[in-house]
Amino acid sequence: MKKIIAVTFISTSVLFVACGNPTSDASVNDTAAATMAMDTMSTKTYEVSLVNNKKDPTCGMPVTAGISDTAHYEKYVLGFCSKECKDEFLKNPKAAIAAAEVK
Ligand SMILES: [Zn+2]
């Protein structure tokens, strides 16, 4: 009887360890995500709610990832991840506006 309890205990421990690893990985990812969110917040100049586009029309990055620069185009305020993307957009806004997914 004692042997069965011991085996049960061991297999439970193994299960616990097996389950424990992904959990600790997840907490590492959470920490990384939290750090990223903090970085985004500290460097964010513009609020997502201030712009009309969902995506940077040049590189396709969601504006929720951070907006470094904005441009006015027609009736829209567009957010860009970088000045380089804004400059690229302004070279040919008519072609790029569709990719911006304006609201
Ligand atoms: Zn971009």
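Residues numbered from 1 in each chain as written. Predicted model: local features only at pLDDT ≥ 70, side-chain atom pairs only at ≥ 80, totals over all residues.

**Q** Which residues make up the overall build of the chain, and what values go with them?
**A** When its secondary structure is counted, the chain shows three helices and two strands. Its helices and strands in sequence order give the chain the pattern α-β-β-α-α, from N to C terminus. Of all intrachain contacts in the chain linking residues separated by at least 6 positions in sequence, the fraction that spans at least 24 positions is 43%. (Helix = DSSP H or I, 4+ residues; strand = E, 2+ residues; numbered from the N terminus. Contact = placed C-beta atoms within 7 Å.)

**Q** Outline the nonpolar core, supporting the account with residue identities and numerical values.
**A** Core analysis: the biggest nonpolar cluster contains nine residues, these being Val51, Val63, Ile67, Leu78, Phe80, Cys81, Cys85, Phe89 and Ala100. Apart from residues lying up to four places away in sequence, Cys85 is in contact with Asp56, Thr58, Cys59 and Phe80. (Core = buried A, V, L, I, M, F, W, Y, C linked by C-beta atoms within 7 Å. Buried ≥ 20, exposed ≤ 12 C-beta atoms within 10 Å, placed from the backbone.)

**Q** Give me the environment of Ser49: which residues, what numbers.
**A** With respect to the element layout, Ser49 can be found in the loop between helix 1 (2-43) and strand 1 (69-73). According to the C-beta neighbour criterion, Ser49 is exposed, with 5 such atoms within 10 Å. Between the alpha carbons of Ser49 and Thr64 there is a distance of 9.4 Å; along the sequence they are 15 residues apart.

**Q** Can you lay out the environment of Thr45 for me, pointing to particular residues and giving the numbers?
**A** Relative to the elements of secondary structure, Thr45 occurs in the loop between helix 1 and strand 1. For the pair formed by Thr45 and Thr70, sequence separation is 25 residues and the distance between their alpha carbons is 9.7 Å.

**Q** Any chance you could break down unusual backbone geometry for me, citing the residues and the numbers?
**A** Phi at Glu74 is positive, roughly 50°, even though this residue is not glycine. Examined against the element boundaries, Glu74 turns out to sit in the loop between strand 1 and strand 2 (76-80). Classification of Glu74 by C-beta neighbours within 10 Å gives exposed; the count is 10. Phi is positive for Glu101, which is not a glycine, with a value near 50°. Tracing the chain through its elements places Glu101 in the segment after helix 3 (93-96).

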